[in-house]
Amino acid sequence: AARNGAKMLNAEYEGVKAMSQTNTIRCPRPVATGEYMGTAFCIFEYLEFCGGGSQYELGQQLARMHRATSSQGFGFVVDNTIGATPQPNLPWKDTWIDFYLEHRLGHMLRLTGNAGLVEDKIQDLMQKTKELLSHNPPPSLLHGDLWGGNKGFCKGDDGTPVPVIFDPATYYGDREADVAMTYLFGGFNSDFYSGYEDEWSLPEGHQQRRTVYNLYHILNHEVLFGGGYLRQAQGMIDQILRT
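Quick caveat: nothing in here was measured; it's all calculated off a predicted structure.

Colleague: Could you clarify how one ought to interpret the overall build of the protein chain in this entry?
Modeller: From N to C terminus, the protein chain includes eight helices and eight strands. What you see for the protein chain is a C-alpha radius of gyration of 18 Å, in line with the 18 Å of a compact globule of 243 residues. With respect to the principal axes defined by its C-alpha atoms, the protein chain has extents near 55 × 50 × 40 Å. Taken across its 243 residues, the protein chain has 50% of its residues classed as buried. Here the contacts in the protein chain between residues at least 6 apart in sequence split such that 69% fall between residues at least 24 apart. Element-wise, carbon and sulfur atoms account for 49% of the exposed surface of the protein chain, whose accessible area totals about 11400 Å².

Colleague: Looking at this model, I keep getting lost on the packing of aromatic side chains. Mind explaining?
Modeller: To describe a pair of aromatic rings, you give the distance between the ring centres and the angle between the ring planes. Here the structure, examined in full by the defined rule, presents 13 aromatic pairs. With centroids separated by 4.6 Å and ring planes inclined at 25°, the aromatic side chains of Tyr-183 and Tyr-193 adopt a geometry described as stacked. Placement of Tyr-183 in the loop between α5 (175-181) and α6 (190-199) and of Tyr-193 in helix α6 is noted, with a sequence separation of 10 residues between them. Assessed through its relative accessible area of 38%, Tyr-183 is described here as partly exposed. Judged by its relative accessible area of 16%, Tyr-193 is buried.

Colleague: Mind showing me how you'd approach helix α4 (residues 119-132) here?
Modeller: Residues separated by three or four positions in an α-helix point in the same direction, a consequence of the helix having 3.6 residues per turn. A rise of 1.5 Å per residue sets the reference length of α4, with its 14 residues, at 20 Å; its end C-alpha atoms lie 20 Å apart and thus fit the reference within 8%. Where α4 is concerned, the buried positions are Ile-122, Leu-125, Met-126, Lys-128, Thr-129 and Leu-132. In this structure, the buried residues of α4 make contact with α3 (96-111), α7 (206-225) and α8 (229-242).

Colleague: Just checking my understanding: could you explain the packing of helix α2 (residues 55-66) against α6 for this structure?
Modeller: The axes of two packed helices give the description: the angle between them and the distance between them. One way to put it is that α2 packs onto α6 with a least axis distance of 6 Å and a crossing angle of 40°. Considering the angle they form, α2 stands oblique to α6. Read as a crossing pair, α2 and α6 show a hand that is right-handed. Touching Gln-55, Tyr-56, Leu-58, Gly-59, Gln-60, Leu-62, Ala-63, Arg-64 and His-66 of α2 are Asp-191, Phe-192, Ser-194, Gly-195, Tyr-196, Asp-198 and Glu-199, all from α6. The residue inventory of the contact of α2 with α6, partitioned by class, reads six nonpolar, six polar and four charged.

Colleague: Can you help me understand the side chain of Gln-61 in this one?
Modeller: Here Gln-61 shows up in helix α2. What Gln-61 contacts, discounting residues up to four positions off in sequence, is Thr-24, Ile-25, Arg-26 and Pro-163.

Colleague: Quick question: what am I supposed to make of the pattern of salt bridges here?
Modeller: Any two side chains of opposite charge can pair, given that their charged atoms come close. All chains considered together, the criterion is met by eight salt bridges. The salt bridge partner of Lys-17 is Glu-14, with a shortest N-O separation of 3.7 Å. Pair noted here: Lys-17 and Glu-14 are both in helix α1 (residues 2-20), with a separation of three residues, about one helical turn. By relative accessible area, which is 27% here, Lys-17 ends up partly exposed. Between Lys-93 and Glu-102 there is a salt bridge, and its shortest N-O distance comes to 3.1 Å.

Colleague: Would you take a moment to explain the nonpolar core for this structure?
Modeller: One broad rule of soluble globular proteins: the nonpolar side chains tend to lie buried together. Core analysis: the largest hydrophobic core is formed by 55 residues, its most contacted members being Trp-96, Tyr-100, Leu-105, Leu-109, Tyr-213, Leu-215 and Leu-219. Apart from the residues lying within four places of it in its own chain, the contact partners of Leu-219 are Leu-105, Met-108, Leu-109, Thr-112, Ala-115 and Ala-233.

Colleague: Just checking my understanding: could you explain the environment of Gly-226 for this structure?
Modeller: Examined against the element boundaries, Gly-226 turns out to sit in the loop between α7 and α8. Judged by its relative accessible area of 16%, Gly-226 falls in the buried class. On a C-alpha basis, the gap between Gly-226 and Ile-43 in space is 32 Å, while along the polypeptide they are 183 residues apart.

Colleague: Can you walk me through the environment of His-217 in this structure?
Modeller: Counting through the fold element by element, His-217 comes out in helix α7. Measuring from C-alpha to C-alpha, the distance between His-217 and Met-181 comes to 7.9 Å, with 36 residues separating the pair along the chain. Excluding its chain neighbours within four sequence positions, the residues that come into contact with His-217 are Ile-82, Gly-144, Met-181 and Leu-184.

Colleague: Sorry if this is basic, but what is going on with the pairing of strand β2 (residues 39-44) here?
Modeller: Two faces make up the sheet, and in a regular strand the side chains alternate between them. As paired elements, strand β1 (residues 30-36) and β2 share six bridges and run antiparallel to each other. Residue pairing for β2: Tyr-36 is matched across the bridge by Thr-39. Counting the residues in the hairpin turn of β1 and β2 gives two residues, including Met-37, whose phi is positive at 50°.

Basis of the calculations
- Residues numbered from 1 in each chain as written.
- Predicted model: local features only at pLDDT ≥ 70, side-chain atom pairs only at ≥ 80, totals over all residues.
- Heavy atoms only, no water.
- Helix = DSSP H or I, 4+ residues; strand = E, 2+ residues; numbered from the N terminus.
- Rg over C-alpha atoms; globule rule 2.2 N^0.38 Å.
- Buried < 20%, exposed > 50% of the residue type's maximum accessible area, 1.4 Å probe, protein only.
- Contact = heavy atoms within 4.5 Å.
- Areas by Shrake-Rupley, 256 points an atom, 1.4 Å probe, with all protein chains shown as cover.
- Phe/Tyr/Trp six-rings, centres within 6.5 Å; stacked < 30°, edge-to-face > 60°.
- Expected span 1.5 Å × (residues − 1).
- Axes fitted to C-alpha atoms, helices over the stretch in contact; angles between N-to-C directions.
- Parallel < 35°, antiparallel > 145°, perpendicular 65-115°, else oblique.
- Left-handed = near helix turned anticlockwise from the far one by under 90°.
- Nonpolar A, V, L, I, M, F, W, Y, C, P; charged D, E, K, R; others polar.
- Salt bridge = Lys/Arg side-chain N within 4 Å of Asp/Glu carboxyl O.
- Core = buried A, V, L, I, M, F, W, Y, C linked by side-chain atoms within 4.5 Å.
- Pairing = 2+ DSSP bridges.

Written out as structure tokens, the structure is:
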């Protein structure tokens, strides 16, 4: 377990470091990671959270972070976790479609026993996903787990509130995947989307692709929590097949 914990913390360290090094949006700067007497640790800068702050700036700065791309293609330097679920990022992939079908959608379908669906329907889903994701995005640096609970505002150097993001599941992928997740559980307002669009507007068809990207997170919620998430995922698959 300590081994596993060390791997998880190291992946967290690498993810936050990659985001931090873009100098676009505040995150808790990683200081050190390692093991001491059998205990894994990771140290981050202390940030003082506060109220207020501009969601417009949050959107703007996220779009700036997304401009950081990888010359290695789609993936990340380490595998990491999405919640407590293993999230494969390696090997790197040259195309987004290959990455998404194998390391994201295919991975979650394996973990959920094909979401309880027959093989034919899964093949149709894969085919449809391939068609929908043929828009050829650049491999942007993503937060990877951008729901409302992983963003906030902290006191900047001059004491005024600045946007901050934390607790990522970082990888290089389609930036639309980050934006899509912000629609899932609330917490982001119209100012956020205005800020993002004004900085770097999303390409045509992003609304259709949103369901494809969020299916990954709903399947993950089925893995983590069970409950009604499987039915929700099946509904999303039907919606994708109708697009």
